[in-house]
Amino acid sequence: LHDALPICITSTTPVTRCGAGSATIQAVASAGTLNWYAAATGGTVLFTGASFSPSVTGTTTYYVEASNNGCASARTAVTVTVNSVPSITSTTPAGRCDAGSVTLQASASNGTLNWYSAATGGTLLGTGNSFVTPSITNSTNYYVESTDGTCTSPRVAVLATVNATPSITSTTPSSVCGSGTVILSATTNVGNLNWYNSASGGSVLGTGNSFTTPSIATNTTFYVEAVNAGCTSVRVPVLATVNTIPTITSTT
C-alpha cells in the first residue's frame, strides 16, 4: 500500500476592509473539511467551510485547518485587515461680495482631501486642505471627502456664500429754519443703513432709513452707506439745510 498524501492547506485568501464590519476570508485544502479557529492551537471551532465571514472591529487573524478521517493539517493563519475610515474633522465656509471665487477650507483625521460640486459622484475639482472655487454668482455648496488608501469618508458640505453689494437707491434731504436738528432719510436695495458726517472713515452717527442729525447752525452734509453681510456700498451725501429765519427790519 502507498502512504496517504498528507492533508494540507493549499491556498488562503485574506481580505482588507474599511472600518468595522464583516469580511469573507477563504481557504482551499488538499482534502477534507475546513475548520476555522481564533487561535493557532486549541480553542473552539468558529465555522466550518471554505468561506468564513466573521464580523470584526479591528485587524484580526484567524486560523484554518483541514480535517479528513480523523487526521488534521497544520493550522494556517488568515488575516482580516481593518483600515480606519478617515473623517472630516472641521470645515471653514467662506463668503465674498458679488461674483468671483471663494477659498474654502477643511481638515481630516487622516488622508487626502478631495473637493467636488456634488454630494455623490461628480468630477474631482481639487485636492488639499484649501480649495479655491470657480467663479460663482450665487451661494453654492461644495463637498469635501478624505481618502486614505482604499478608505473614503462621507462627503461634507461646505458653503461658498455670495453676498450682493448693496446700493443707495434714494435719499431725501431736508431742512430746518434756524439752528436745530434735521430728519434725513434714505433707502437701499438690500442691507442696513449707517449714517456718518464724513465721506470716509469716522464713527457711525445713526442707523436705519431715517436719521435725525445733531443740532446744526449751518448747512451740513451727512453721508449714508448700506451694509449687507459685510458688503458695503459707496457713501452718498445727503444735505441738511439750515434756512435763515427772516426778521422784520422796519415797520410803518
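Since the structure is predicted, the reported quantities are computational estimates derived from the model, not experimental observations.

Asks: How do you make sense of the overall build of the chain when you look at a structure like this?
Replies: Along its length, the chain carries zero helices and 29 strands. A compact globule built from 252 residues should have a C-alpha radius of gyration of about 18 Å, whereas the chain, at 38 Å, is more than 25% larger. C-alpha atoms of the chain, sized along the principal axes, occupy 160 × 30 × 20 Å. By residue count, 32% of the 252 residues in the chain fall in the buried class. Across the chain, contacts joining residues at least 24 apart in sequence account for 56% of those joining residues at least 6 apart. Put simply, the chain shows about 13,600 Å² of open surface, and 51% of that area lies on carbon and sulfur atoms.

Asks: What's the story with the pattern of salt bridges in this structure? I'm lost.
Replies: Pairs can form between side chains of opposite charge whenever their charged atoms are close. Inspection of every chain in the model, using the stated rule, returns three salt bridges. The partner of Arg 155 in a salt bridge is Glu 145, and the shortest N-O contact between them spans 3.0 Å. On the criterion of sequence distance, the pair formed by Arg 155 in the loop between β19 (151-152) and β20 (156-163) and Glu 145 in strand β18 (residues 140-148) is long-range, its members being 10 residues apart. Residue classification places Glu 145 among the buried residues on the basis of a relative accessible area of 10%. Residue Arg 235 pairs with Glu 225 through a salt bridge whose shortest N-O separation is 3.0 Å. Here the residue Arg 235 occupies a position in the loop between β28 (231-232) and β29 (236-243), and Glu 225 occupies one in strand β27 (residues 220-228), the gap between them amounting to 10 residues.

Asks: I tried to follow the state of the cysteines on my own but got confused; where do I start?
Replies: As used in these notes, a disulfide is a covalent bond between sulfur atoms, one from each of two cysteines. In this structure the tally under the stated criterion is two disulfides. The side chain of Cys 18 participates in a disulfide bridge whose partner is Cys 151; the two sulfur atoms lie 2.1 Å from each other. In this structure, the disulfide formed by Cys 18 and Cys 151 twists by about -95 degrees around the S-S bond and is classed as left-handed. Within this pair, whereas Cys 18 is found in strand β2 (residues 15-18), its partner Cys 151 is found in strand β19, the two being separated by 133 residues in sequence. In this model Cys 97 forms its disulfide with Cys 231; the gap between the sulfur atoms is 2.0 Å.

Asks: Which parts of the structure should I look at to understand the nonpolar core?
Replies: If you look at the biggest cluster of nonpolar residues, it comprises 16 residues, and the most contacted ones within it are Ile 9, Ile 25, Leu 34, Trp 36, Tyr 62, Val 64 and Val 80. Listed by contribution, the elements that provide at least two residues to this core are β4 (25-29), β5 (33-37), β9 (60-68) and β11 (76-83). The next biggest cluster of nonpolar side chains, apart from the first, holds 15 residues, and it includes Ile 168, Leu 184, Ala 186 and Phe 211.

Asks: Could you clarify how one ought to interpret unusual backbone geometry in this entry?
Replies: Peptide bonds are, in most cases, trans, and in most cases residues other than glycine have a negative phi. Backbone geometry places Asn 69, a non-glycine residue, at a positive phi of 55 degrees. Mapped onto the secondary structure, Asn 69 falls in the loop between β9 and β10 (71-72). With a phi close to 50 degrees, Ala 229 is a non-glycine residue in the positive phi region. Mapped onto the secondary structure, Ala 229 falls in the loop between β27 and β28. A relative accessible area of 56% places Ala 229 in the exposed class.

Asks: Quick question: what am I supposed to make of the sheet that holds strand β21 (residues 168-172) here?
Replies: Backbone hydrogen bonds are what pair the strands of a sheet, in a parallel or an antiparallel way. Across the sheet, three strands lie side by side as β21-β23-β26; this open sheet has antiparallel pairing. Only two strands of the sheet have a single partner each, and these edge strands are β21 and β26 (210-212). Pairs of neighbouring strands in the sheet enclose a mean axial angle of 20 degrees, with direction left out of account. Where β21 meets strand β23 (residues 183-188), four bridges bridge the pair, whose relative direction is antiparallel. Bridge pairing links Ser 170 to Thr 187 in β23.

Asks: In this structure, what is going on with the side chain of Glu 65? I would like to understand it.
Replies: Structurally, the position occupied by Glu 65 is in strand β9. Overall, Glu 65 belongs to the buried group, its relative accessible area being 10%. A polar side-chain atom of Glu 65 sits 3.1 Å from a polar atom in the side chain of Arg 75. Not counting residues up to four positions away in its chain, the partners in contact with Glu 65 are Ile 9, Thr 33, Leu 34, Asn 35, Tyr 37, Ala 72, Ser 73, Ala 74 and Arg 75.

Cut-offs applied
- Residues numbered from 1 in each chain as written.
- Predicted model: local features only at pLDDT ≥ 70, side-chain atom pairs only at ≥ 80, totals over all residues.
- Heavy atoms only, no water.
- Helix = DSSP H or I, 4+ residues; strand = E, 2+ residues; numbered from the N terminus.
- Rg over C-alpha atoms; globule rule 2.2 N^0.38 Å.
- Buried < 20%, exposed > 50% of the residue type's maximum accessible area, 1.4 Å probe, protein only.
- Contact = heavy atoms within 4.5 Å.
- Areas by Shrake-Rupley, 256 points an atom, 1.4 Å probe, with all protein chains shown as cover.
- Salt bridge = Lys/Arg side-chain N within 4 Å of Asp/Glu carboxyl O.
- Disulfide = S-S within 2.5 Å.
- Core = buried A, V, L, I, M, F, W, Y, C linked by side-chain atoms within 4.5 Å.
- Pairing = 2+ DSSP bridges.
- Axes fitted to C-alpha atoms, helices over the stretch in contact; angles between N-to-C directions.
- Polar contact = N/O pair within 3.5 Å; in protein donor to acceptor, adjacent residues only side chain to side chain.

Nothing here speaks to function; it is all geometry.
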